Amino acid sequence: MRIVRYQTRNDQPRYGWMLENKVGAIEGDIHGEYRRLEADLPLAEVKLLAPIQPSKILCLGRNYAEHAREHAVEVPKVPLIFMKPPSSIIDPGETIVLPPQSQQVEHEAELVVVIGKRGRWINPADAGEYILGYTIGNDVTARDLQRRDGQWTRGKGFDTFCPLGPWIETELNPADLMITCHVNGEMRQMASTRDMVFHIEQLIAFASSVMTLEPGDIVMTGTPAGVSPLCAGDLVEVAIEHLGNLSNPVAAEPEHR
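Here, residues in each chain are numbered from 1, in the same order as that chain's written sequence. Predicted model: local features are reported for residues with pLDDT of at least 70 only, side-chain atom pairs are reported and counted for 80 or more only, and whole-chain, interface and lining totals are derived from all residues. By convention in this description, side-chain values take in all heavy atoms of the structure and omit both hydrogens and water.

### Points about the sheet that holds strand S16 (residues 178-183)
- Paired strands, as defined in this entry, are two strands with at least two bridges between them according to DSSP. Numbering of helices and strands starts at the N terminus; helices are DSSP runs of H or I of at least 4 residues and strands are runs of E of at least 2. Here we have five strands laid out as an open sheet, ordered S10-S20-S19-S16-S17, and mixed in their pairing. Each edge of the open sheet is held by one strand with a lone partner, namely strand S10 (96-98) and strand S17 (186-192). Taking each pair of neighbouring strands and ignoring which way they run, the sheet shows an average axis angle of 20°.
- The pairing of S16 with strand S19 (residues 235-240) spans five bridges and is antiparallel. Across the sheet, Cys181 pairs through a bridge with Val238, a residue of S19. Axis angles are defined between N-to-C directions and span 0 to 180 degrees, where every axis is a line fitted to C-alpha atoms and, for a helix, only to the segment in contact.

Here you go:
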């Protein structure tokens with residue numbers, strides 16, 4: 001099932017599901033009991049929003065060996081986790097804003113895991129029971145600030161630095177999916193999820209050994225090699241096989257007086 005979060009005209013955002021190119025509302029809790037109403041609303045008549053509102057965004061650094069190599073750093077011996085604030089999330093089609101503090105903002109195409117139920121000290125063999133589904137993310141990064149600060153909060157945490165969507169796919173095998181990123185139609189990143197250093201079950205087990213994972217939390221699983229700068233006027237498109245396409249324009253932040 002494809003779960004969406006959507007809005008029509010001036011109505012409040014709500015969860016729904018997709019059948020071909022139509023959307024039906026979901027009543028109840030997507031992490032618990034719910035029922036699907038008829039899918040009778042044309043997709044063209046709704047605005048798709050970021051498909052989940054997480055309490056936390058967990059991210060994995062250097063989880064593709066070639067990405068570590070392009071930055072001349074070692075592949076970590078254990079998963080390297082960091083966090084982005086939920087305020088960084090934007091919808092499909094919403095604009096990535098380049099902050100004036102940075103001169104080098106880059107894209108990072110990623111497969112994103114959506115947690116389905118609360119868990120702590122999750123066994124890797126049981127990790128699948130805690131997954132609601134998968135979506136697409138872009139871990140936008142101010143690379144110069146990341147390097148300058150020595151830690152990653154500022155470089156990863158600006159508003160608009162986490163495009164997410166367009167939906168959550170609940171029936172997906174993440175073992176060997178092609179991830180691509182295009183900027184203005186030019187290929188920048190391409191790799192398979194099979195190239196991950198630490199796989200999804202390991203990531204969930206490791207993260208849950210540190211903190212409780214809550215329903216709706218997301219785990220961004222790392223980016224392949226090929227990250228490169230974004231400029232005002234660009235269009236960045238992240239695509240994942242069998243999952244869809246996440247597209248966002250890029251603009252400079254207006255001057256603040």
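### Some remarks on the environment of Met187
- Structurally, Met187 can be placed in strand S17.
- A C-alpha to C-alpha distance of 12 Å links Met187 and Leu235, two positions 48 residues apart in sequence.
- Residue contacts follow a heavy-atom distance rule, with two residues in contact if any of their heavy atoms lie within 4.5 Å. Met187 has contacts with Thr180, Cys181 and His182, leaving out every residue within four places of it along the chain.

### Things to note about the nonpolar core
- Nonpolar core, defined: a set of buried Ala, Val, Leu, Ile, Met, Phe, Trp, Tyr and Cys residues in which side-chain atoms within 4.5 Å join the residues together. The rule is simple: take the accessible area with a 1.4 Å probe, protein chains only, and divide by the maximum for that residue type; under 20% is buried, over 50% is exposed, in between is partly exposed. Formed by 51 residues in total, the largest nonpolar core has its most connected members in Leu111, Val113, Tyr134, Ile204, Leu213 and Leu243.
- Core analysis: the next-biggest nonpolar cluster, separate from the first, contains 20 residues, Ala50, Cys59, Val112 and Trp152 among them.

### Quick notes on the side chain of Gln189
- If you trace the backbone, Gln189 turns up in strand S17.
- Polar contact is the term for a pair of N or O atoms within 3.5 Å; when the atoms are in protein, one must be able to donate a hydrogen and the other to accept it, and sequence-neighboring residues count only if both atoms are side-chain atoms. A polar contact of 3.2 Å, which involves the side chain of Gln189, links it to the backbone nitrogen of Ala109.
- Polar side-chain contacts of Gln189 include one of 2.8 Å to the side chain of Thr223.
- Apart from residues no more than four positions distant in its own chain, Gln189 is found in contact with His107, Glu108, Ala109, Ile179, Thr180, Cys181, Thr223, Pro224, Ala225, Gly226 and Val227.

### Structural notes on the state of the cysteines
- Here, a disulfide means two cysteine sulfur atoms that sit within 2.5 Å of each other. All told, the structure shown has zero disulfides when counted by the stated rule.
- Sulfur of Cys59: no disulfide; nearest cysteine sulfur belongs to Cys162 and is 6.6 Å away.
- Of all cysteine sulfurs, the one in Cys231 lies closest to Cys181, which takes part in no disulfide; the gap is 13 Å.
- Cys181 sits in the buried class, given a relative accessible area of 0%.

### Regarding helix H4 (residues 200-208)
- Ile200, Leu203, Ile204, Ala205, Ala207 and Ser208 are the residues of H4 that are buried.
- Buried-residue contacts for H4 involve strand S7 (57-61), strand S12 (109-115) and strand S13 (131-138).

### A short note on the packing of aromatic side chains
- In summary, the pairing rule links any two rings of Phe, Tyr or Trp, Trp by its six-membered ring, whose centres are within 6.5 Å, and it sorts them by plane angle into stacked for under 30 degrees, edge-to-face for over 60 and tilted for everything else. Here the structure, examined in full by the defined rule, presents two aromatic pairs.
- On the basis of an interplanar angle of 55° and a centroid distance of 5.3 Å, the ring pair of Phe158 and Phe161 is categorised as tilted.
- Owing to a relative accessible area of 16%, Phe158 belongs among the buried residues under this scheme.
- A relative accessible area of 0% places Phe161 in the buried class.

### Focus on the environment of Ser87
- In this fold, Ser87 is placed in the loop between strand S8 (80-84) and strand S9 (89-90).
- On the basis of relative accessibility, which here comes to 49%, the residue Ser87 falls in the partly exposed class.
- Sequence separation of Ser87 and Thr160 is 73 residues, and the distance between their C-alpha atoms is 7.7 Å.
- If we skip the residues at most four places from it in the chain, Ser87 touches Asp159 and Thr160.

### A short note on the pairing of strand S1 (residues 2-7)
- Of the pairings in the sheet, the one linking S1 to strand S15 (residues 162-169) comprises two bridges and is antiparallel in character. By the bridge assignment for S15, Ile3 is matched with Ile168.
- Relative to strand S2 (residues 14-19), S1 is paired through five bridges, and the arrangement is antiparallel. Looking at the pairing, Arg2 lines up with Met18 of S2.
- Here S1 pairs with strand S6 (residues 47-49) via three bridges, running antiparallel. Bridging across to S6, Arg5 finds its partner in Leu49.

### Focus: the environment of Leu213
- Mapped onto the secondary structure, Leu213 falls in the loop between H4 and strand S18 (218-220).
- For the pair formed by Leu213 and Gly137, sequence separation is 76 residues and the distance between their alpha carbons is 19 Å.

### Observations concerning the pattern of salt bridges
- The term salt bridge refers to a side-chain nitrogen of Lys or Arg lying within 4 Å of a carboxyl oxygen of Asp or Glu. Here the structure, examined in full by the defined rule, presents 14 salt bridges.
- Of the charged contacts in the structure, one is a salt bridge between Asp217 and Lys56, with a shortest N-O distance of 2.7 Å. Here Lys56 lies in the loop between S6 and S7 and Asp217 lies in the loop between H4 and S18, a separation of 161 residues in the sequence. Here the two residues Asp217 and Lys56 agree in accessibility, since each one is buried.
- For Glu186, the salt bridge is made with Arg188, and the minimal N-O distance between the two is 3.8 Å.
- Of the residues examined, Glu186 reaches a relative accessible area of 46% and is grouped as partly exposed.
- By relative accessible area, Arg188 is classed as partly exposed at 24%.
- Linked by salt bridges that have partners in common, Lys84, Glu106, Glu108, Asp139, Arg143 and Lys156 make up one network.

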